[in-house]
Every structure is written in C-alpha cells, then in structure tokens.
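This is what each chain is made of:
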Amino acid sequence: MKLAIFSAVSTYLPAIEMIAAEIDVSMFVGLSPSQDRSQVAGYMHYADFCEVRGIPFVEVDDYSLNFECAQDQLSAVNFDIVIVLGWQRLIPPWVLNKSRFGFIGVHGSMTGITAGRGRSPLNWAKILGATTFDVSLFFMSEDADDGPVIASGSFA
C-alpha cells in the first residue's frame, strides 16, 4: 500500500510524526520554500523531516498544483491513499485522480463540516465565541471540505 502525505504547515507536525512512526509513508509532498510563504499560515518545509526518516520528498513549486511546474513534478506519481494535513488549497481533480482509494482530509469547524467549510475555522470559532469545536476526517473531492465524512469528533 503506497501512502502519501501532503502538508505545508507546522500545525499537523505531531500527527504526521505519529503516522510516520506507525505506517510506512511512501512519499511526502510539500511546498518549496521559494514560494511566497506569507500566503501559507504556519508554513513548514518538511524536507529535513523526510530525510531523517527516509521518506521520499517531492517539493512542488506551485501551491495550487494547477500550473505546469506542479504537473511536471507529480506526473509520474501515483498513490494508493493520500492523507492531507495542512494543505491550505483545494487539490485539483488531476491530482485527486492519481490516488487509487482517495485523498483523506481533516477539517474542523464550530458548526460541523457541512456548515463550516473554508479557511480559518478555529479562528472563526474563537471570534464568534464557540464553546465546542468539531473535527472531521473525510474523503476529499473537488470542492472545499465536501466529500463523504469518515469520522467526526467534538471537543470543548
């Protein structure tokens, strides 16, 4: 089973460390530091993390994955399953179609995934005074946080 992880932010580092300690990660896709990191909240370059663990690292030059450079970088890549933890852009269909079983995303919201799609859900929960926060694992689709939910949980 070929598992890949996509991430460009530090927020999910503890989860990524836990996954890499328990499961053979076949590939990690991260964002090049040459990109405008001011557009990526909490940017992290995972090349060193991957090198220490022997995980092949693919560094993309286009965060949207829509331009020719990203298509060249990922053209020969195919995955069985992909876990996306901190990729703050939609994954385009041509990339989603490279996975045999799908892309699994994580999204939180104070109102559940269907009513809380989009960016900065934790910030909005704090701003609006929410007392609980939901987190969902879901299969990704072309639209924002729109695929079938695998599991959800709530915490104070």
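Look up a bit, the structure's there.
The structure reproduced in this document is the subject of the present report. Just so it is clear, the structure is predicted and the values come from calculations on it, not from any experiment.

## Quick notes on the packing of aromatic side chains
Moving on, step 1. Scanning the entire structure with this criterion turns up 10 aromatic pairs.
Moving on, step 2. Seen from their ring centres, F28 and Y46 are 4.7 Å apart, and the 35 degrees between their planes marks the pair as tilted. Placement of F28 in strand 2 (residues 25-31) and of Y46 in the loop between strand 2 and helix 2 (47-53) is noted, with a sequence separation of 18 residues between them. Side by side, F28 and Y46 carry an identical accessibility label, which is buried.

## Structural notes on the sheet that holds strand 6 (residues 133-139)
Moving on, step 1. One open sheet holds the 7 strands; their spatial order is 3-2-1-4-5-6-7, and the pairing between them is mixed. For this open sheet the edge positions go to strand 3 (57-60) and strand 7 (149-155), each flanked by a neighbour on one side alone. Looking at each pair of strands side by side, their axes are set apart by 15 degrees on average, direction ignored.
Moving on, step 2. Note that strand 4 (residues 79-84) and strand 5 (residues 99-109) share 5 bridges and pair parallel. For V84, the partnering residue across the bridge sits in strand 5 and is G105.

About the criteria used
- Residues numbered from 1 in each chain as written.
- Predicted model: local features only at pLDDT ≥ 70, side-chain atom pairs only at ≥ 80, totals over all residues.
- Heavy atoms only, no water.
- Phe/Tyr/Trp six-rings, centres within 6.5 Å; stacked < 30°, edge-to-face > 60°.
- Helix = DSSP H or I, 4+ residues; strand = E, 2+ residues; numbered from the N terminus.
- Buried < 20%, exposed > 50% of the residue type's maximum accessible area, 1.4 Å probe, protein only.
- Pairing = 2+ DSSP bridges.
- Axes fitted to C-alpha atoms, helices over the stretch in contact; angles between N-to-C directions.

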